[in-house]
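Below are the chains, spelled out letter by letter.
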Amino acid sequence: MSAPEDEVEIERGPGVAVAVGPLDGLLNLCRKNSLWYLLFGTACCAIELMQTGGPRTDTDRFGFVFRPTPRQADVLILAGTITYKMASRIRRLYDQMPEPKYVIAMGSCANTGGLFQASYSVVNGGDLIVPVDIYLPGCPCRPEALTEGLMLIQQKCEQEPWLAKAWGRTPEPAEPWPGRPREC
Amino acid sequence: MKEIRDALAERLGTEIEWHEDLAGDPFAVVPPGKWLEACRAARDDERLSFDFLRNQTGTDVPADEVIEVVVHLFSYKHRHAFVMKTRVSRTDPVADSLVPVWPAANWYEREIYDLLGVRFTGHPDLRRLLLPEDWVGHPLRKDYARPESYQGIPTTRPGKEDR
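Please read all numbers here as calculations on a predicted model, not as lab measurements.

Novice: In this structure, what is going on with the overall build of chain B? I would like to understand it.
Specialist: A tally of helices and strands in chain B yields three helices and nine strands. Of the regular secondary structure in chain B, the N- to C-terminal order runs α-β-β-α-β-β-β-β-α-β-β-β. Referenced to the eigenvectors of the C-alpha coordinate spread, the extents of chain B come out at roughly 65 × 35 × 30 Å. Residues classed as buried in chain B amount to 26% of the 163 residues present. Contacts in chain B between residues at least 24 apart in sequence constitute 48% of all its contacts with a sequence separation of at least 6.

This is how it looks when you write it as structure tokens:
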């Protein structure tokens, strides 16, 4: 968590703006304004995900752009019901994403299994497969809610001393399957 | 309906059970040994000409200790439809495959095998259709119990008291 004196200051002059601050803060400024999410949906929430990427919500203005490959994505949005057959694929996509990476569980199904919780084939929540950062309620959630979820990821980015964390640190082994559900 | 009944009875004799009084579509129950023959007759007989397998499905009936395999047939020539069933044992469900009669039965039978566990003799490629290949059990059976976990993923959500 950055202390206030570590924050990036932006000084504006005529026709020019200069950002001054610790490297961590500058890096986070870049990171949070270029959060690329994976173009990936498992069920009907994906329709709302597409809508969020469309012109009415226009998440491009925050730098949220979809990427069709996990190797260039920062955010994995679990959009829809997850079946056991899909679980290993989702885990693989997550593992292919480079650090730092974030996961949004979008809608009731990705949160807990939702309507299909009692079904034999539906995973009872995305957090049983991958660690989840943001849980969004709704069935499906509105594009506004998803935008807020992405903005919460921005806040998370802002507060993380990622550079200090990543520097000289041996990468931890990936969380053992399955990820444990967090307090929420 | 009477023509269908007469034609099928002529081909297969008295072994067919008729149900016309119940709510819903009338149907015939064919013994499993005559299943393939009955379906072939339904397709080839001029009066029937069921050239289209609309749907094929299965039902688990634990009360009678049977699994029903149901075909919904339609004839483009005569514009009529019909339902036929066969009943196989629940403990050892084996039925004749209808792929030689209607190739469309291929995936239907894979689905029935997947979800109810009926084994179709003569099927060219009897694998699971929807569920993963390492799945245990057949979940549309009435006595199917959900296992504790699948590949290490718990199948129930930890309750608040467990956290």
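So much for the structure itself; the text now carries on.
Novice: Please explain the interface of chain B and chain A as it appears in this structure.
Specialist: How large an interface is tends to be reported as the accessible area lost when its parts come together. Tallying the contact residues gives 14 residues for chain B and 16 residues for chain A. For the side of chain B that touches chain A, a count of residues per class yields eight nonpolar, three polar and three charged.

Novice: I would appreciate a short explanation of the nonpolar core in the present structure.
Specialist: Core analysis: the biggest nonpolar cluster contains 42 residues, and A:Val75, A:Leu76, A:Ile77, A:Leu78, A:Ile104 and A:Met106 have the highest contact counts within it. When contributions to this core are tallied by element, the ones reaching two or more residues are β3 (36–38), α2 (45–53), β5 (75–79), α3 (84–96), β6 (102–106), α4 (107–112), β7 (134–136) and α5 (143–159) of chain A. Other than its neighbours up to four places away in sequence, A:Ile77 contacts A:Tyr37, A:Leu38, A:Leu49, A:Ile104 and A:Met106. In this structure, B:Val30, B:Ala42, B:Met84 and B:Trp102 belong to the second largest nonpolar core, which totals 30 residues.

Novice: Quick question: what am I supposed to make of the packing of helix α1 (residues 2–12) of chain B against helix α2 (residues 35–44) of chain B here?
Specialist: All names here are of chain B. As a packed pair, α1 and α2 sit with axes 10 Å apart at the nearest point and diverge in direction by 135 degrees. Taken together, the axes of α1 and α2 are oblique relative to one another. Where α1 crosses over α2, the handedness of that crossing is right-handed. On α2, the residues that touch Leu8, Arg11 and Leu12 of α1 are Glu37, Ala38 and Ala41. When grouped by side-chain class, the residues that make up the contact of α1 with α2 number four nonpolar, no polar and two charged.

Novice: What should I look at first to understand the pairing of β5(A) in this one?
Specialist: The two faces of the sheet receive side chains in turn, since in a regular strand these alternate between them. All names here are of chain A. The element β5 is extensively covered by neighbouring structure, given that five of its five residues are classed as buried. Alternating residues of β5 divide into Val75, Ile77 and Ala79 and Leu76 and Leu78, and every residue in both groups is buried. Following the backbone out of β5, through α3 and into the adjacent parallel β6, one traces a crossover that is right-handed.

Novice: In this structure, what is going on with α3(A)? I would like to understand it.
Specialist: Note that an α-helix has 3.6 residues per turn; residues three or four places apart therefore point the same way. Taking 1.5 Å per residue as the helical rise, α3(A) with its 13 residues ought to reach 18 Å, and the 19 Å between its terminal C-alpha atoms agrees with that figure. Those residues of α3(A) that fall on the buried side of the exposure criterion are A:Tyr84, A:Ala87, A:Ile90 and A:Tyr94. End-on, the buried residues of α3(A) take up no more than an arc of 80 degrees, which puts them together on one face. On its buried face, α3(A) is in contact with β5 of chain A together with β8 (149–150) and β9 (153–154) of chain B.

Novice: Quick question: what am I supposed to make of the sheet that holds strand β2 (residues 27–30) of chain B here?
Specialist: Strand pairing within a sheet occurs via backbone hydrogen bonds; the two strands may be parallel or antiparallel. All names here are of chain B. Strands sit in the order β1-β2-β5-β4-β3 across an open sheet of five strands; the sheet is mixed. If you trace the sheet from one side to the other, it starts and ends with β1 (17–19) and β3 (52–61), each paired once. Adjacent strand axes in the sheet meet at a mean angle of 25 degrees, parallel and antiparallel pairs treated alike. As paired strands, β2 and strand β5 (residues 80–89) are joined by four bridges and run parallel to one another. Residue Ala28 lies in a different strand from β5, and its bridge partner there is Met84. This element, α2, spans β2, β4 (66–75) and β5 of the sheet and lies at about 175 degrees to β5.

Novice: Mind showing me how you'd approach the packing of α2(A) against α5(A) here?
Specialist: Geometry of a packed helix pair, given as the angle between the helix axes and the separation of the axes. Residues and elements named next belong to chain A. Running from N to C, α2 and α5 cross one another at 75 degrees; their axes reach a closest spacing of 9 Å. In terms of axis orientation, α2 runs roughly perpendicular to α5. Between α2, through Glu48, Leu49, Gln51 and Thr52, and α5, the contact on the second element is made entirely by Pro143, Leu146 and Thr147. Its residues assigned to classes, the contact of α2 with α5 comprises three nonpolar, three polar and one charged.

Novice: Just checking my understanding: could you explain the pairing of β4(B) for this structure?
Specialist: Residues and elements named next belong to chain B. Across nine bridges, the pairing between β3 and β4 is antiparallel. Across the sheet, the residue bridging to Phe52 is Phe74, located in β4. A loop of four residues connects β3 with β4, the two strands running antiparallel in sequence, and Glu65 in this loop sits at a positive phi of about 55 degrees. Looking at chain direction, β4 and β5 are connected through ten bridges and run antiparallel. Bridged to Leu73 within β5 is Phe82. Once β4 ends, the chain turns through four residues before running back antiparallel as β5, passing Arg79 with a positive phi of about 55 degrees.

Novice: Got a minute to help me understand the environment of A:Cys45 in this structure?
Specialist: Residues and elements named next belong to chain A. Mapped onto the elements, Cys45 comes out in helix α2. With 27 C-beta atoms packed within 10 Å, Cys45 lands in the buried category. Sequence separation of Cys45 and Lys101 is 56 residues, and the distance between their C-alpha atoms is 21 Å. Cys45 has contacts with Ala79, Gly80, Met106, Gly107 and Pro140, leaving out every residue within four places of it along the chain.

Cut-offs used in this document
- Residues numbered from 1 in each chain as written.
- Chains lettered and ligands numbered in written order.
- Predicted model: local features only at pLDDT ≥ 70, side-chain atom pairs only at ≥ 80, totals over all residues.
- Helix = DSSP H or I, 4+ residues; strand = E, 2+ residues; numbered from the N terminus.
- Buried ≥ 20, exposed ≤ 12 C-beta atoms within 10 Å, placed from the backbone.
- Contact = placed C-beta atoms within 7 Å.
- Nonpolar A, V, L, I, M, F, W, Y, C, P; charged D, E, K, R; others polar.
- Core = buried A, V, L, I, M, F, W, Y, C linked by C-beta atoms within 7 Å.
- Axes fitted to C-alpha atoms, helices over the stretch in contact; angles between N-to-C directions.
- Parallel < 35°, antiparallel > 145°, perpendicular 65-115°, else oblique.
- Left-handed = near helix turned anticlockwise from the far one by under 90°.
- Right-handed = clockwise from strand over helix to strand, strands pointing away.
- Expected span 1.5 Å × (residues − 1).
- Arc of directions from axis to C-beta.
- Pairing = 2+ DSSP bridges.

Any link to function would need more than the numbers given here.
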